[in-house]
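# Commentary on secondary and tertiary structure
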Amino acid sequence: MSQPKKFVLLGATGSIGENTLRVLRKHPDKLELVGISARQQAGKLAEIAHEFSVPYVCLEQPPEPDVSFPEGSELLCGKEGIESLAALPEADIVVVAIVGAAGLLPTLSAVKEGKDVVLANKEALVVGGELVTQTANQNGARLIPADSEHNAVFQCLQGQPENSLDSIILTASGGPFRDMPIGSFKDITPEQALNHPNWSMGKKITIDSATMANKGLELIEARWLFDLPPEKLEVVIHPPSLVHAIVRFIDGCCLAQLSPPSMTFALQNALLHPERAPGVESSLDFSKALDLSFSPPCYDKFPCLRLGRDALAQGGTAPLVFNAANEIAVEAFLRNRIGFLQISDIIDHSLNTNSNKQTNSIDELLELDAEVRQQASARVEQSA
Ligand code: NAD
Ligand code: MG
């Protein structure tokens, strides 16, 4: 029998982290966890370390003395700690399940070492897509998508001849406000926006799904993962989240991937690729009626999706600006500092006030990211 694949899980305590651990529990003979990180939640990280006897752990800050990690395990800290975990010599795979642009540096660090990177974090490609994909190519690293739509595309493309891909259609549930009249959007509360109809996820992506900024981020993510121009990337509303993406080939035929709305399917596919093995959860039940309806998105109701599309079309640093402003706006909305409609206002303002640049320098990208966050925070203060 072959050796288990050794992997590092960055963002182990989050929603993607938990689903990855469910895949690991199902396949302990195929996977071995050698490193984990979390920002806070030292207690939860320690539990994971004990359950899977993980030799390397990393937290943003050193933990309180009452938190104990397995004997002999090595404790790393801070950004440097995460980056060295991402480059851990004994790891074959690095799962990036950190939320936000904070995923960029560890992703870069993993691709520089030629790792297979199972990428759940989409913001890294939105902020530094060209840099990450170029660095991956130069170092023989593979980016294996774990975002459900992108993993669906990845699956549909297996075994297809080169140059046969025409376009990609990402599905979107439309979130909790798909059918809400636009006049009521101004009163949406964080509690309502956190109540996603199909998926159970971290807070930031749940709000992104409610505004549909998530699908904007995913269009940009797809641009880098599959190297297609903006006009070849589409979004379609599919409320039940059973079809995750559709790939159209040059002959006009379309392939789609279907599974229930749980991240274990995409994560297992990415982690075990190219192998298939029994899944964590049951597959779709076709003995019951299934809704496979598709309809176009409403850009007037979801300006964040339109802004994401615009940023994709502009290219350069526009996606970075879109992302940084969105991260600040979502955080402010969750803290009740701004209303739901102001999220798109803040992104729009940031895109209008920052001139677009072409750069592949990590220092310039990080500098601009910090600058846009500062401007967007100031805008939050003005409008709060
Ligand atoms: P989450 O908030 O549940 O978990 C985030 C994890 O990252 C936690 O372990 C946290 O400790 C860590 N973290 C947070 N900020 C950090 C920082 N600044 N530095 C280092 N670590 C940090 O988030 P999630 O829902 O699991 O999403 C993770 C990523 O995966 C996001 O980019 C999201 O867009 C993407 N994604 C999530 C889902 C989902 O179902 N949750 C689906 C598709 C894609
Ligand atoms: Mg997705």
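In every chain, residue numbers begin from 1 and rise along the written sequence. As a convention, the first chain written is A and the first ligand written is 1, with the rest following in written order. Thresholds applied to this predicted model are a pLDDT of at least 70 for local features of residues and 80 or more for the giving and counting of side-chain atom pairs; totals over whole chains, interfaces and linings are not thresholded and use all residues. Hydrogens and waters are ignored; side-chain quantities use all the structure's heavy atoms.

### Details of the pairing of strand 1 (residues 5-10)
- By the convention used here, strands pair only if DSSP detects at least 2 bridges between them. Elements are defined by DSSP. Helices are runs of H or I of four residues or more, strands are runs of E of two residues or more, and each kind is numbered from the N terminus. In this structure, strand 1 lies alongside strand 2 (residues 31-38), joined through six bridges in parallel fashion. Across the sheet, V8 pairs through a bridge with G35, a residue of strand 2.
- Handedness is read with the strands pointing away from the viewer; a crossover is right-handed when the path from the first strand over the helix to the second is clockwise. Remark: the strand 1/helix 1 (residues 15-26)/strand 2 crossover connection has right-handed handedness.
- Here strand 1 pairs with strand 5 (residues 93-96) via four bridges, running parallel. Directly across from L9, in strand 5, lies its bridge partner V95.

### Focus: the pattern of salt bridges
- Here, a salt bridge means any Lys or Arg side-chain nitrogen found within 4 Å of an Asp or Glu carboxyl oxygen. Under the criterion given, the structure shown has 21 salt bridges.
- Of the charged contacts in the structure, one is a salt bridge between E51 and R25, with a shortest N-O distance of 2.7 Å. Linking E51 in helix 2 (residues 42-52) with R25 in helix 1, this pair joins segments that are 26 residues apart in sequence.
- Using a 1.4 Å probe on the protein chains alone, a residue whose accessible area is under 20% of its type maximum counts as buried, one over 50% counts as exposed, and one in between counts as partly exposed. Of the residues examined, E51 reaches a relative accessible area of 43% and is grouped as partly exposed.
- On the accessibility criterion, R25 (44% relative accessible area) is partly exposed.

### What to know about the site of ligand 1
- Proximity is defined per residue: if any heavy atom of the residue lies within 4 Å of a molecule or strand, that residue is considered near it. Close to ligand 1 lie 22 residues; T13, I16, R39, E123 and G202 are nearest.
- For the purposes of these results, a polar contact is taken to be a pair of N or O atoms within 3.5 Å, where, inside protein, one atom must be able to donate a hydrogen and its partner to accept one; residues adjacent in sequence count only when each atom of the pair is a side-chain atom. S15 has a polar backbone atom sitting 2.9 Å from an oxygen atom of ligand 1.
- A120 has a polar backbone atom sitting 3.5 Å from an oxygen atom of ligand 1.
- Every accessible area reported is derived by Shrake-Rupley at a probe size of 1.4 Å, with residue values counting cover from the shown protein chains alone. Considering ligand 1 on its own, with 830 Å² of exposed area, one finds that the protein chains cover 88% of that surface.

### Concerning the coordination of the magnesium ion (ligand 2)
- Atoms are scored as donors when they are N, O or S and lie within 2.8 Å of the metal, with 3.2 Å used for Na, K and Ca; no water is included, so coordination may look incomplete. Protein coordination at the magnesium ion (ligand 2): the donors are D147 (OD), E149 (OE) and E218 (OE), at 2.0 to 2.2 Å from the metal.
- Read N to C, the donor residues that coordinate the magnesium ion (ligand 2) are spaced as D-x1-E-x68-E. Highlighted residues: E149 in helix 6 (residues 148-157) and E218 in helix 9 (residues 213-226), separated in sequence by 69 residues.
- Taking the relative accessible area as the measure of exposure, E218 reaches 1% and is therefore buried.

### With respect to a nonpolar patch on the surface
- Together, L258, F286, L290, L292 and F294 give the surface a local cluster of nonpolar side chains, amounting to about 450 Å² of exposed area.
- Within the element layout of this structure, L290 appears in the loop between helix 10 (263-272) and helix 11 (303-314).
- Relative accessible area serves as the criterion here: at 32%, L290 is assigned to the partly exposed category. Candidates for patches are residues over 30% relative accessible area with no salt bridge; among them, like charges are joined within 9 Å and nonpolar side chains (Val, Leu, Ile, Met, Phe, Trp, Tyr) within 5 Å.

### Section: the sheet that holds strand 11 (residues 254-258)
- Spatially, 9-8-10-11 is the arrangement adopted by the four strands of the open sheet, whose pairing is mixed. Only two strands of the sheet have a single partner each, and these edge strands are strand 9 (233-237) and strand 11. Neighbour-to-neighbour, the strand axes of the sheet open up by a mean angle of 20 degrees, direction not taken into account.
- For strand 8 (residues 165-172) and strand 10 (residues 243-249), the ladder comprises five bridges, and the chain directions are antiparallel. When the sheet's bridge partners are listed, S167 is paired in strand 10 with R248.
- Of the strands in this sheet, strand 8, strand 10 and strand 11 are in contact with helix 6, which crosses strand 10 at around 40 degrees. To get an axis, a line is fitted to the C-alpha atoms, and for a helix only the part in contact is used. The angle between two axes follows their N-to-C directions and goes from 0 to 180 degrees. Every residue pair with non-hydrogen atoms within 4.5 Å of one another is taken to be in contact.

### Considering the nonpolar core
- We call a set of buried Ala, Val, Leu, Ile, Met, Phe, Trp, Tyr and Cys residues a nonpolar core when their side-chain atoms join them within 4.5 Å. Counting residues in each nonpolar core, the largest one holds 86 residues, and the members touching the most others are L10, L143, F322, F340 and I343.
- A per-element tally of this core places helix 12 (residues 318-334) first, with 11 residues.
- Those residues in contact with L143 that sit more than four places away from it in its chain are V111, V117, L119, L125, V132, T133, A136 and L225.
- Counting 37 residues, the second largest nonpolar core, distinct from the first, contains V67, F69, W199 and L272.

### Focus on the packing of aromatic side chains
- In summary, the pairing rule links any two rings of Phe, Tyr or Trp, Trp by its six-membered ring, whose centres are within 6.5 Å, and it sorts them by plane angle into stacked for under 30 degrees, edge-to-face for over 60 and tilted for everything else. Summed over the entire model, instances satisfying the criterion amount to five aromatic pairs.
- Geometrically, the ring pair formed by F177 and F340 is edge-to-face, given 5.4 Å between the ring centres and 80 degrees between the ring planes. Pair noted here: F177 is in the loop between strand 8 and helix 7 (190-193) and F340 is in helix 13 (residues 340-353), with a separation of 163 residues, a long-range link.
- A relative accessible area of 3% places F177 in the buried class.
- Residue F340 is classed as buried on the basis of its relative accessible area of 6%.

### A short note on helix 6
- Taken across its 10 residues, helix 6 has nine buried, putting it largely inside the fold.
- Every buried residue belonging to helix 6 is among S148, E149, H150, N151, A152, V153, F154, Q155 and C156, and all of these are buried.
- Each element contacted by the buried residues of helix 6 is listed here: strand 7 (142-145), strand 8, helix 9, strand 10, strand 11 and helix 10.

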